[in-house]
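Observations on the model geometry
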Amino acid sequence: MNMIKKINRTSPGPMLLFSIILLLFFGGSSCGNQSGEKTEGKSSGFLNKLTEDDSDDVAGEGVNALLISPKNPRPGEVFHILATGGKGVLKAPISVRGVSGSIESRKSRNGNGLPYWKIDEFVAGSEGKYEVTLQIDNKKVKNLTFGVTSRPSLPGSKAIWQNELSWGAETEALYSAWINALFYDADESASWTSLHSVMQNSERNFLYNHLSLDEDNPAGKSRIIMQPDCADNPFCLRAYFAWKMGLPFGYHECDRGALGRNPKTGRWITNDSPSSKTNPVLAFNSFLRRVMDGVHSGTARTALRDENSDYYPVPLTRSALLPGVVFADPYGHTLTLVKWIPQSEGKPGTLLSVDAQPDGTVAIKRFWKGNFLFTTTGVIGEPGFKAFRPIIRKGGQSILLTNSEISADSGLTGFSLQQKGLNGDSFYHIMDRNINPKPLDPETALLDLVQALYEQLLVRITSVNVGENYMKSHPGAIVPMPSSAAGVFQTGGQWEDFSTPNRDLRLLIAMDAVLDFPDKVLRSPEDFKMPILQSPEKVKKNLEALLSRKLSELSITYTRTNGSEQKLTIADILLRREAFEIGYNPNDGIEIRWGAPENSEERSTCHRHVPPGQMQTMRSVRTWFSKRLHPPT
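Here's a quick rundown of the structure. If you're wondering where the values come from, they're calculated on a predicted model, not measured in any experiment.

1. Quick word on the overall build of the chain
- When you go through the chain residue by residue, the secondary structure sums to 14 helices and 21 strands.
- Whereas a compact globule of 633 residues would reach a radius of gyration of roughly 26 Å, the chain reaches 26 Å, a difference of no more than 12%.
- Principal-axis analysis of the C-alpha atoms gives the chain an extent of 80 × 75 × 50 Å.
- Buried positions account for 55% of the 633 residues belonging to the chain.
- Sequence-distant contacts in the chain: of pairs separated by 6 or more residues, those separated by 24 or more amount to 69%.

What follows is the structure in structure tokens.
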């Protein structure tokens, strides 16, 4: 079944074919820069000349920094050293010398930038002072000292934790490397039941039990608890790293703003606050609960110029969008970048992120229109890619850096207003070019989009099952539904836990992006590596055929009310797009939530329906779904 309407095509005339033959004989390139080389002069789309900052080569630069964990190893204990820098750090030897001489690395692993990092494993010797040296091209570029002791130091401050460092180029590089290493081997199928379950994996988390308090041991008496939602997740990651490293951390109380008025920050709360808990792990947990109660969807959408904000906007360049950078979408969702997978011959590049959901799950998401919504029109606040505003220590006080102080000269990712007022088409075009610097073959690009949609549908199976399992365990229960459109998309409690309006709106946008792709190639053939002997119309027709075939090959399976399995191809699901505009309510049976047609055999096993009052609200809210728009929230 062809899922895309067909278009008429005229065959290329003799003069066009003659011109193509001349191009072949005299070295002309194809209309998508098939050679993949950078072009000079006037051009459009992907043929715009790549700047040095946008190219992969810039990844060769980096800030050299070293970090040891645990902070103070015990004699005979395994410890690790993290080194960051440019490409040279991957093969750079890390030497450790102590009271008994040199210690050899037992094993090593690395991350292929940005940022570039390597982690070496050692076993501590006798108590005493040790020195670490990083050498690149036979030149010592960084060193640090640490102590091996059987009695790790305990915090002596009444604050939640004591500040020992300031945020700067080195600590930001280490933070980015830690985020990257934390999720380095994860792909789009990866998810966890909570953020603390990620931290409790010693193979994944470089800072596991960094403070020697048994703080990350899942069986420990006092252990870290982190179960953030999407707005909390970036703050939990940042706070965890800051606590382990003795770095300042804070967040602002913030209102939610309104149309025409950006969210405004108020009181700033930091880790300098006194704690009533004497146990440092319990003190951190208590503070983190306060953070999660204090931040919300508006926190990340403060004005781009606001110097009292927790975030600041960064440029849309490959070297600026590092792991740890946060994306604040226009409607309240946030994601944290974790990994770039570079474009290779015949394979698209990928930008991966991590997000959290109201049920506490943490999952990997790729960058594409179905996950990263962007518009600056008709929204509350100013969205986009942002980094945490660095905090320094000065005169015993924690101080936020101003916009003018955050510059490339300082080694930090510079403040930028590039995203201010940017339209969605320009935003996605810039990001597509960052992810795939060379034009993609249209078929490769289409298959990548279909795979992204497929992954999003797999995630929806889990999301819908969360609500279905709750309803099955609470027979006769009715999940209360907000009465306004804004409330449907933004609320708390059971509705937030079990409904899927935001995720389904993104899914509908993703479906549209896949179905529109053949027309997109026809509209902008210069953005792709087009076949030389085919007209754009012919390419579009071939893409339609490929799309129809692929949509019929891929399928998902959900469990119906009676326990039987229902298989749906993506083609089946796309035919049900309109049903997904009202498929988000957990009070409906699972068959309805997957768009089963009325009076169909598939729907015959469904015995749960939304109350009439809720259906009336859903009809009024449906216009937002049909227009693929989100009410201002």
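2. With respect to the packing of helix 7 (residues 442–473) against helix 11 (residues 536–553)
- It is the contact of helix 7 with helix 11, at a shortest axis distance of 10 Å, that shows an interaxial angle of 30°. In terms of their interaxial angle, helix 7 and helix 11 are classed as roughly parallel. In this structure, helix 7 meets helix 11 at a crossing whose hand is right-handed. Together, P442, E443, L446, L447 and V450 of helix 7 and V539, L543, L546, L547, K550 and L551 of helix 11 make up the contact between the two elements.

3. Some thoughts on the sheet that holds strand 5 (residues 107–111)
- Taken together, 4 strands build an open sheet; the order of strands is 1-2-6-5 and the sheet is antiparallel. Unpaired on one side and paired on the other, strand 1 (65–69) and strand 5 mark the two borders of the sheet. Between one strand axis and the next, the sheet turns by 20° as a mean value, whatever way the strands run.
- Pairing of strand 2 (residues 78–85) with strand 6 (residues 116–123) involves 8 bridges; the strand directions are antiparallel. Residue pairing across strands places V78 opposite V123, the latter belonging to strand 6.
- Across the sheet, helix 2 (residues 169–182) touches strand 1, strand 2, strand 5 and strand 6, and the angle it forms with strand 2 is around 115°.

4. A word on the sheet that holds strand 4 (residues 101–103)
- Read from one edge of the open sheet, 4 strands run 4-3-7-8, paired in antiparallel fashion. Every interior strand has two partners, whereas the edge strands, strand 4 and strand 8 (139–148), have only one. Along the sheet, successive strands turn relative to each other by an average axial angle of 25°, direction set aside.
- The pairing of strand 3 (residues 94–98) with strand 4 spans 3 bridges and is antiparallel. In the sheet register, G98 faces strand 4, and the bridge partner there is G101.

5. Concerning the pairing of strand 5
- The sheet contact formed by strand 5 and strand 6 spans 5 bridges and is antiparallel. Paired with S108 across the two strands is D120, which belongs to strand 6.
- Between strand 5 and strand 6, which pair antiparallel and follow one another directly, the connecting turn spans 4 residues, one of which, G113, has a positive phi of 30°.

6. Brief notes about the side chain of R560
- With respect to the element layout, R560 can be found in the loop between strand 20 (555–559) and strand 21 (565–569).
- Classification of R560 as buried rests on a relative accessible area of 5%.
- One polar contact links the side chain of R560 to the main-chain carbonyl oxygen of E602, over a distance of 3.2 Å.

7. What to know about the nonpolar core
- The biggest cluster of nonpolar side chains holds 60 residues, and the ones touching the most others in it are W178, F183, L237, F241 and I364.
- For this core, the element with the highest residue contribution is helix 4 (residues 233–245), accounting for 9 residues.
- Apart from residues lying up to four places away in sequence, W178 is in contact with M199, N205, F206, L207, L237, Y240 and F241.

8. Some remarks on the pattern of salt bridges
- Taken as a whole and judged by the stated rule, the model has 29 salt bridges.
- Among the salt bridges present, the one from E188 reaches R366, with a minimum N-O distance of 2.9 Å. With E188 in the loop between helix 2 and strand 9 (191–192) and R366 in strand 16 (residues 362–366), this residue pair connects regions lying 178 residues apart in the sequence.
- Accessibility expressed as a relative area gives 16% for E188, which makes it buried.
- Several salt bridges share partner residues, and in doing so they unite D512, E581, R622 and R628 into one network.

Cut-off values and rules
- Residues numbered from 1 in each chain as written.
- Predicted model: local features only at pLDDT ≥ 70, side-chain atom pairs only at ≥ 80, totals over all residues.
- Heavy atoms only, no water.
- Helix = DSSP H or I, 4+ residues; strand = E, 2+ residues; numbered from the N terminus.
- Rg over C-alpha atoms; globule rule 2.2 N^0.38 Å.
- Buried < 20%, exposed > 50% of the residue type's maximum accessible area, 1.4 Å probe, protein only.
- Contact = heavy atoms within 4.5 Å.
- Axes fitted to C-alpha atoms, helices over the stretch in contact; angles between N-to-C directions.
- Parallel < 35°, antiparallel > 145°, perpendicular 65-115°, else oblique.
- Left-handed = near helix turned anticlockwise from the far one by under 90°.
- Pairing = 2+ DSSP bridges.
- Polar contact = N/O pair within 3.5 Å; in protein donor to acceptor, adjacent residues only side chain to side chain.
- Core = buried A, V, L, I, M, F, W, Y, C linked by side-chain atoms within 4.5 Å.
- Salt bridge = Lys/Arg side-chain N within 4 Å of Asp/Glu carboxyl O.

Everything listed here is a matter of coordinates, which is why it stays silent on function.
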